[in-house]
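Residues per chain are reported as follows:
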Amino acid sequence: DSENFSENFSEYGLSKREIEVLQHIALGLSNEEISEKMFVSNNTIKTHIKNIYSKLDVKNRIQALKKIQAV
């Protein structure tokens, strides 16, 4: 449930959009697929992902997903 999902990340200071991107990553979608679903450019998704990695202090999707699963 996405309500609980977003509550888990409040401690990392993720925005609603970043959480949305993270949910799509968790589903295994590519940046291109995420950008189509969210109606934004691929570059916007890349920026969101860069910000997510920075806030979670990780370097890639796998580390990000492991970190959020630990939450």
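Cut-offs used in this document
- Residues numbered from 1 in each chain as written.
- Predicted model: local features only at pLDDT ≥ 70, side-chain atom pairs only at ≥ 80, totals over all residues.
- Heavy atoms only, no water.
- Salt bridge = Lys/Arg side-chain N within 4 Å of Asp/Glu carboxyl O.
- Helix = DSSP H or I, 4+ residues; strand = E, 2+ residues; numbered from the N terminus.
- Buried < 20%, exposed > 50% of the residue type's maximum accessible area, 1.4 Å probe, protein only.
- Expected span 1.5 Å × (residues − 1).
- Arc of directions from axis to C-beta.
- Contact = heavy atoms within 4.5 Å.

Trainee: Is there a simple way to think about the pattern of salt bridges in this case?
Mentor: Opposite charge on two side chains allows them to pair when their charged atoms are near. Under the defined criterion, the tally for this structure stands at two salt bridges. With a closest N to O distance of 2.8 Å, Glu18 and Lys55 form a salt bridge. Taken as a pair, Glu18 in helix α2 (residues 16-26) and Lys55 in helix α4 (residues 42-56) lie far apart in primary sequence, 37 residues in all. On the basis of relative accessibility, which here comes to 5%, the residue Glu18 falls in the buried class.

Trainee: Which parts of the structure should I look at to understand α4?
Mentor: The periodicity of an α-helix, 3.6 residues per turn, causes residues three or four positions apart to be oriented the same way. The first and last C-alpha atoms of α4 sit 21 Å apart over 15 residues, in line with the 21 Å expected at 1.5 Å per residue. Listed in full, the buried residues belonging to α4 are Ile45, His48, Ile49, Ile52, Tyr53 and Leu56. Angular distribution of buried residues about the axis of α4 spans 135°; they occupy a single face of the element. In α4, those exposed residues whose orientation departs by more than 90 degrees from the buried face are Asn43, Lys50 and Ser54. On its buried face, α4 is in contact with α2, α3 (31-38) and α5 (61-70). Asp57 occupies a position one or two residues after α4 and carries a positive phi of about 60°.

Keep in mind that these numbers describe shape and distance, not what the molecule does.
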